[in-house]
Amino acid sequence: MTWSHFWLCFLALSVTNIANVQARQALNHVNSICSTWGRHHFKTFDGDVYQFPGLCGYNLVSDCHEMYQEFSVHIQKSLVDGQPTVNELVVTINDLVFHLTKRAVSLNGDLINLPYLNAGIQLERNAVYTKLQSKVGLVVMWNGDDAVMVELDSDYHNRTCGLCGDFNGVPVYNEFIHHNRKIHPIEFGNGQRVHRPNDECEDPYEEEDQELDAQDLEYPELEDQAVEVPCKEFRPICEKVIHSEAWSSCASLVDPAPYTQACVQDMCGCGNSTNDFCVCSTLAEFSRQCSHAGGLPPSWRTPQFCAKMCPFNMVYEESGSPCMASCTVPDISSLCEDHKMDGCFCPAGRVWDNISQRGCVSQTECQCKHDKIYNSGEVYRQDSEECLCYEGRWDCKSLPSPATCAVEEGSHVTTFDGKAYIFHGDCHYVLAKIESKDDTSPKFTIFVQLAPCVSQKFDTCLKSVKVLLNNDRNNMLAFSADGKVRHNMQTISLPYNTGDINIFRASSFHVVLQTRFGLQIQVQHVPLLQVYVTLEQSYKTKTRGLCGNYNMMLSDDMKTPQGIVEGTASSFGNSWKSSDTCSEIDERLESPCSVSVENERYAEHWCSMLTSPDGPFANCHAMVDPELYHKRCIYATCNCEKTEDCMCAVFSSYARACASKGVFLSDWRVNVCDKYTRGCPESQSFSYKLQRCQWTCRQLSSEQQSCTSDFLPVDGCSCPEGTYQEDNGACVPMNKCPCYHNGVHIKPGKSISIKEQHCLCSNGKLHCRTWKTSSQACPTPKVYLNCSSTDVRDVGVQCARTCRNTESDSCYSTECESGCQCPSGLLDDGKGSCVKEHECPCQHDRTLYASGSEIKDQCNTCTCRKGKWDCTEKKCPGTCVIYGSGHYRTFDQRTYGFQGQCAYVAIQNKCGNKSVEDIFRVITENIPCGTTGTTCSKSVRIQLGNKEIKLAKGKYEVSDLEMGSEIKYTIRPVGMYLAVEASLGITVLWDRKTTIRILVEPQHSAGVCGLCGDFDGDVQNDFTTQSQMVVSSPLEFANSWKALSSCQDAEASVDSCSLQPHRHNWAQIQCSIIKSVTFHDCHKKVNPIPFYENCVKDSCACDSGGDCECFCTAVAAYAQACNEVSVCVAWRTPEICPVFCDYYNEGELCEWHYKPCHEPCYETCRNPHGCNNSIPNLEGTTGIPSTTPCKEECEWTKWFDVDSSTDGSDWETYIYNNCSTKYNCCNTNHCCHNISDYTSNNYDK
């Protein structure tokens, strides 16, 4: 192409509007960009444009300010067909070295596949660019040919060196001027040489030094110095192109002179070549700079001139958003932070198909993905909902489904609403007290007996399950650990029918109780006794007990019989004792694995089968998260005396949970727990999926009805079809008569001690005699109950009505127990006295409150009346907590872990297809450090209508979005936190590090979505994906809320302590403060174990600095949880996570103080009534001397002037002198009156 033809091409150009909607106000950031392109052109951060034809390895840019170099970018070029091209980039970030060539990418010498995402570094390749982005504040983009662009965060200002200059904001100086001498670009470039072993490359020759005159110093024109006179003939052509109307938007933002000069040099160097490269490269660079400056470059390319080809049905644009709308994230406009750039994009009205990678499609063609890909219109059904795929989103409706409560491994309880907790009981407890659902169905109460196992100190076993029908003690069904079933203490043979109840043996491991009124109980007795109680939905809100209240709200599952919600499992479990004579159980804070290293290693080895991606349970990971079961497996395996039995019980529990989701696991017993498969009687066989009645010889000779197969498939031994099972569980008869008590097997002729009685097993019955005479002396006014002289129906003192248990039918007793009790008409108050019922105290957190007392329960007030708490029922604000290396607690109190490295939507009020006028959104992103990629800080973007507030690196900045309404907000420091409060009822608290607390007012209930859940009270639907499907896996859920679909999905979380075993012991020792006496007062209100476990994980992961930061943040998270239940813990010391307030105090002033529970809002002279908001007390420092200041004679109150929290000259306050006389305290600016005047006077004088 001749240059005249080249000019004619441009005559046809016109300005083309860009179809993409700009997401936010475009900011000119060309001063943070360095680039190289074309025939050896370079632009520094400070705006100098020069030529350097070096073909060796050179330092393009590196961090040169500190002794430790955080990053560097090295470049090497070569000539191909006479034209320069970049053939290698070496990007070093900390200890990671990336080699980028046109054919491959390697990391520390090993080839890697793209896209790559790890340790805060994302490396991807699209149709035009290879892009490396690091969260240290570095972006490198390479077009695979001649052009490289580097963008740096402003934190590196005046910290860089290399061909890109020093980034000090001043052109020429410190790059091309040295000791008042102008440095030629070649001399400057040669000084950036990176020498490599055996490198024989030669630098370009330098020219003679030039002395600078005053004009050169004031107006340095580097490019003009290099232009030869013969080349100036091309200037008119280049000026006409770059200064044409088509480029007017760019010329007003970017000085066109350097690019005109580069154009002249390119055309001069190419001579009469017909290669488009000679002109295209500089025009492309000017177009890129224009986009970065916020301009709109024209569509200057044509099919015949500098054409670009795009894959699929994409189109090339000079300036478009790199964050393309996709099927999974169609509304990308306000989520994208990246600047506009040239590249291949979907045409207007289409989105990128990131499901099947079919290119650009209309939204109506978008598919959905769950376990597989579904086309629009296809239906997916699971246990509790039916979902229709529609335009890339799921439209789901709930299906009637029962709920199940379980007691597994003796101490792990899961409520009907899904709350899981650990309780080591030693008594009979009310598992579920169920009211009748209608006039025809019965009431019933289910008891469980928990007790220590044979000899293990920490071991707890489920000894028996008892069902009290119609709350009639003479109609009791009991299931014991040996597989036996008793009705009113008489052993029954199965199958067994009574009324609407049918009991049968589903396998050698399981007994099932079925009813016609909506109750099903599955009792597993091999390898351990475990129970699963299933209720149909008609029983919602009609249950109480250890199983919760079945109202689909997790927050109130731990409600006691007295009507108050407890904070710990021990307080809650103790409240449901069936007998007040049982001892109170304390919370166990010790890890059972700390007792034996061998047990811990055994547990870790075998329990890892649950989470192994190649293990026998892997097929169910997408449906049931194995992490909870893995933790239970470790706990139970270390805790149990029969180690393998407990481990296998957890495995079977996971298999059952999978079966409930429609995933049936088989062959998982091949390498573990196989003794149960080999232990079948000779005539029986083992099966993983049994769902039929087990026929018995006794059943053949009876008229009892058969069972139904309407139960979850179970595993175990069974007689083959056509054979019949005898009472002993095998297919052969056997007659023995052992004795049983509380699940313990006593052989004939052996004895056992029961409640101070010596009992001998003889002929299948225990014969007992006591050796202790009961005392009949009782403190006044109690009277002695002697079982030997009372009515046979009297159950004894253990079931007497008390203030704590006014309902006698919540008590279970098999035999009368003598002792002291209150006389008729009086109840035991729990302190040894007898009172009338209306005088009964109430209990909370093991503390008794007198009748009429009031306590706070979040935003509600509870009043003690007749031994029960009567609480107001206001809807309280919700709090979502995100802290550390991916620990989440949703508004509905569901906790999970997720260690994603993308940006994610934590909360937004634009959910599904719902239209919202005032849109808000909070986007969080982890900033990792260390080789494990643990989180060292967080970046938070808060979008409020047309404003975005970005919190990062301890600071905040506000930017304008081009769309949205005006929403009022305030930003203020509160202790160690920065608070952003919006008028529409959302507050974000950030500790300037890794902790974020999001508070929303009740009006947003069921109106939000994201990683924080939907705030509707139902924890079961918290894992609702962005495409509106409820899933089980936290990984699938969290990945769906990526702000940009182009970012890679996170994979399963790694165990940092396994990767860094040498840090495990240190982490455990440090984090033990959470379980220590320091937090003792909080242990009964907030369970410390989850916080301790998270602390250990995070502390293990901090392997390259920040050790104490990770630890301190984790402990602070527990301290804040304590703070929110009114337990203030001053846990910091000069040795443990100190806070140095004196740093902020000048001279002898003593204004800044540390407060472990800092009040978020103070009363002031202007605002004597304080603030009305939901922000809790927070840890931090305050510039308000609300404690005793340095001067002994004056104590300042918390009344102050909020105009400036650091200016002590105009504080408004009153003080107390040594005589405790209140008087006005005035200064030169203000004078405050006595507090009595505050309601009527103007306080500022």
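(A) How the structure looks around the overall build of the protein chain. When helices and strands are counted, the protein chain shows 20 helices and 75 strands. Out of the 1245 residues in the protein chain, the part that is buried amounts to 53%. Long-range pairs, those at least 24 residues apart, make up 55% of the contacts in the protein chain between residues at least 6 apart in sequence. Of the accessible surface of the protein chain, which amounts to about 55500 Å², a share of 49% is contributed by carbon and sulfur atoms.

(B) Representation of the nonpolar core in the model. In this structure, Phe-651, Ile-986 and Ile-998 are the most contacted members of the largest nonpolar core, which totals 98 residues. With 10 residues, helix 12 (residues 643-660) is the largest single contributor of residues to this core. With residues up to four places along the chain from it excluded, the contact list for Ile-986 reads Ile-907, Phe-920, Val-922, Leu-944, Val-980, Glu-981, Ile-998, Leu-999 and Val-1000. The next biggest cluster of nonpolar side chains, apart from the first, holds 55 residues, and it includes Ala-432, Val-485, Leu-535 and Tyr-812.

(C) Main features of the sheet that holds strand 25 (residues 379-381). Strand order in the open sheet made by the three strands is 25-26-27, with antiparallel pairing throughout. The open sheet has two free edges, formed respectively by strand 25 and strand 27 (393-398), since each of these has just one partner strand. On average, each strand axis in the sheet is tilted by 25° relative to the strand beside it, whichever way the strands run. With six bridges joining them, strand 26 (residues 385-390) and strand 27 adopt antiparallel strand pairing. Bridging from a neighbouring strand, Cys-389 pairs with Trp-394 of strand 27.

(D) Just the packing of helix 7 (residues 257-270) against helix 8 (residues 277-292), in detail. Between helix 7 and helix 8, whose axes approach to 8 Å, the crossing angle comes to 165°. Considered as vectors, helix 7 and helix 8 are oriented roughly antiparallel to each other. Considering how the two elements wind past one another, helix 7 and helix 8 form a crossing that is right-handed. Taken together, the residues of helix 8 that come into contact with helix 7 (itself represented by Tyr-259, Ala-262, Cys-263, Asp-266, Met-267 and Cys-270) are Cys-278, Val-279, Ser-281, Thr-282, Glu-285, Phe-286 and Gln-289.

(E) Broad picture of the state of the cysteines. With the rule as written, the count across this model stands at 35 disulfides. Two residues share a disulfide in this structure: Cys-387 and Cys-396, whose sulfurs sit 2.1 Å from each other. Judged by the sign of its S-S torsion, about 110°, the cystine formed by Cys-387 and Cys-396 is right-handed. Each sulfur of the disulfide joining Cys-1112 and Cys-1137 lies 1.9 Å from the other. Measuring the twist about the S-S bond at about -95°, one finds the Cys-1112-Cys-1137 disulfide to be left-handed. Here the residue Cys-1112 occupies a position in helix 20 (residues 1107-1123), and Cys-1137 occupies one in the loop between helix 20 and strand 71 (1153-1158), the gap between them amounting to 25 residues. Note on accessibility: Cys-1112 and Cys-1137 belong to one class, buried.

(F) Main features of the sheet that holds strand 42 (residues 543-544). Pairing in this open sheet of seven strands is antiparallel, and the strands run 36-35-34-33-32-31-42 from one edge to the other. Looking at strand neighbours, the two that pair on one side only are strand 36 (490-492) and strand 42, the edges of this open sheet. As paired strands, strand 31 (residues 427-434) and strand 42 are joined by two bridges and run antiparallel to one another. The residue of strand 42 that forms the bridge with Lys-433 is Arg-544.

(G) Broad picture of a nonpolar patch on the surface. On the surface, Val-379, Leu-388 and Tyr-390 cluster together into a nonpolar patch covering about 250 Å² of accessible area. Within the secondary structure layout, Leu-388 lies in strand 26.

(H) Spotlight on the packing of aromatic side chains. Scanning the entire structure with this criterion turns up 44 aromatic pairs. Ring centres 4.9 Å apart and planes at 85° place the aromatic pair Phe-52 and Tyr-58 in the edge-to-face group. Taken as a pair, Phe-52 and Tyr-58 share a single burial class, namely buried. By the ring-pair criterion, three or more aromatic residues cluster together here, those being Phe-509, Phe-617, Tyr-629, Phe-651, Tyr-654, Trp-668, Tyr-676, Phe-686 and Tyr-688.

The rules behind the values
Residues numbered from 1 in each chain as written. Predicted model: local features only at pLDDT ≥ 70, side-chain atom pairs only at ≥ 80, totals over all residues. Heavy atoms only, no water. Helix = DSSP H or I, 4+ residues; strand = E, 2+ residues; numbered from the N terminus. Buried < 20%, exposed > 50% of the residue type's maximum accessible area, 1.4 Å probe, protein only. Contact = heavy atoms within 4.5 Å. Areas by Shrake-Rupley, 256 points an atom, 1.4 Å probe, with all protein chains shown as cover. Core = buried A, V, L, I, M, F, W, Y, C linked by side-chain atoms within 4.5 Å. Pairing = 2+ DSSP bridges. Axes fitted to C-alpha atoms, helices over the stretch in contact; angles between N-to-C directions. Parallel < 35°, antiparallel > 145°, perpendicular 65-115°, else oblique. Left-handed = near helix turned anticlockwise from the far one by under 90°. Disulfide = S-S within 2.5 Å. Patch = residues over 30% accessible without salt bridge, like charges linked within 9 Å, V, L, I, M, F, W, Y side chains within 5 Å. Salt bridge = Lys/Arg side-chain N within 4 Å of Asp/Glu carboxyl O. Phe/Tyr/Trp six-rings, centres within 6.5 Å; stacked < 30°, edge-to-face > 60°.

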